[in-house]
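Commentary on secondary and tertiary structure
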Amino acid sequence: MASPSQPNDVAAFLADLAHPQDAAIRRLREVILAADARIGEGIKWNAPSFHLEGRHFATMQLRRADRLLLVLHLGAGKKAMPDGAITDPEGLLTWLGADRATLTFTGPQEVDAKAAALQSLLRQWMAHA
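Residues numbered from 1 in each chain as written. Predicted model: local features only at pLDDT ≥ 70, side-chain atom pairs only at ≥ 80, totals over all residues. Heavy atoms only, no water.

Within the secondary structure, G84 is located in the loop between β4 (68–73) and β5 (94–97). Considering only alpha carbons, one finds G84 and R29, 55 residues apart in sequence, at a separation of 27 Å. (Helix = DSSP H or I, 4+ residues; strand = E, 2+ residues; numbered from the N terminus.)

The structure is reproduced here in structure tokens:
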């Protein structure tokens, strides 16, 4: 298994990235890293990915030009999020299964508008990842 890339690898990846959602990607990265000082980052699936103590819990999906997706996941092993473990009063999560959910952003302004709620969701998610 390859070692996770270092933060400067993410910076280099983003410096070379030509994406219509560049500003949203950079702002989302900042918001995620600010959620908890222990969060690390690397490149996984050709996109920025975030981990806590080596366990990946969130990966950006950069396939679309008109929006940016953040995929929350529970790592490589099949796990399920316990019922009621995540409180999402703003309804930001789209659940793809018991172990995955996404959040969608259409620009940096939307990232900013959802930042506090996103950080709350990330902290809850990391407790189970």
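Here the focus is the pairing of β5. In this structure, β5 lies alongside strand β6 (residues 100–105), joined through three bridges in antiparallel fashion. Along β6, the bridge assignment pairs T94 with T102. Between the end of β5 and the start of β6, which pair antiparallel, lie two residues. (Pairing = 2+ DSSP bridges.)

Turning next to the pattern of salt bridges. When their charged atoms lie close together, side chains carrying opposite charge are able to pair. Tallied over the full model, the rule gives 11 salt bridges. In this structure, R55 and E53 form a salt bridge, with 3.7 Å as the shortest nitrogen-oxygen distance. Judged by relative accessible area, which is 39%, R55 ranks as partly exposed. Accessibility expressed as a relative area gives 58% for E53, which makes it exposed. Among the salt bridges present, the one from R67 reaches D66, with a minimum N-O distance of 3.1 Å. Residue class for D66 comes out partly exposed when judged on its relative accessible area of 37%. If you follow the salt bridges from partner to partner, you end up with D36, R38, E53 and R55 in one network. (Salt bridge = Lys/Arg side-chain N within 4 Å of Asp/Glu carboxyl O. Buried < 20%, exposed > 50% of the residue type's maximum accessible area, 1.4 Å probe, protein only.)

Taken N-terminus to C-terminus, the directions of helix α2 (residues 22–34) and helix α3 (residues 108–126) make an angle of 30°; their axes are 9 Å apart at the nearest point. The orientation of α2 relative to α3 falls into the category roughly parallel. Pair α2 / α3 crosses with right-handed handedness. Judged by residue contacts, A23, A24, R27, L28, V31, I32 and A34 of α2 engage P108, V111, D112, A115, L118, Q119, L122 and R123 from α3. Each residue belonging to the contact of α2 with α3 can be placed in one class, and the counts come to 11 nonpolar, one polar and three charged. (Axes fitted to C-alpha atoms, helices over the stretch in contact; angles between N-to-C directions. Parallel < 35°, antiparallel > 145°, perpendicular 65-115°, else oblique. Left-handed = near helix turned anticlockwise from the far one by under 90°. Contact = heavy atoms within 4.5 Å. Nonpolar A, V, L, I, M, F, W, Y, C, P; charged D, E, K, R; others polar.)

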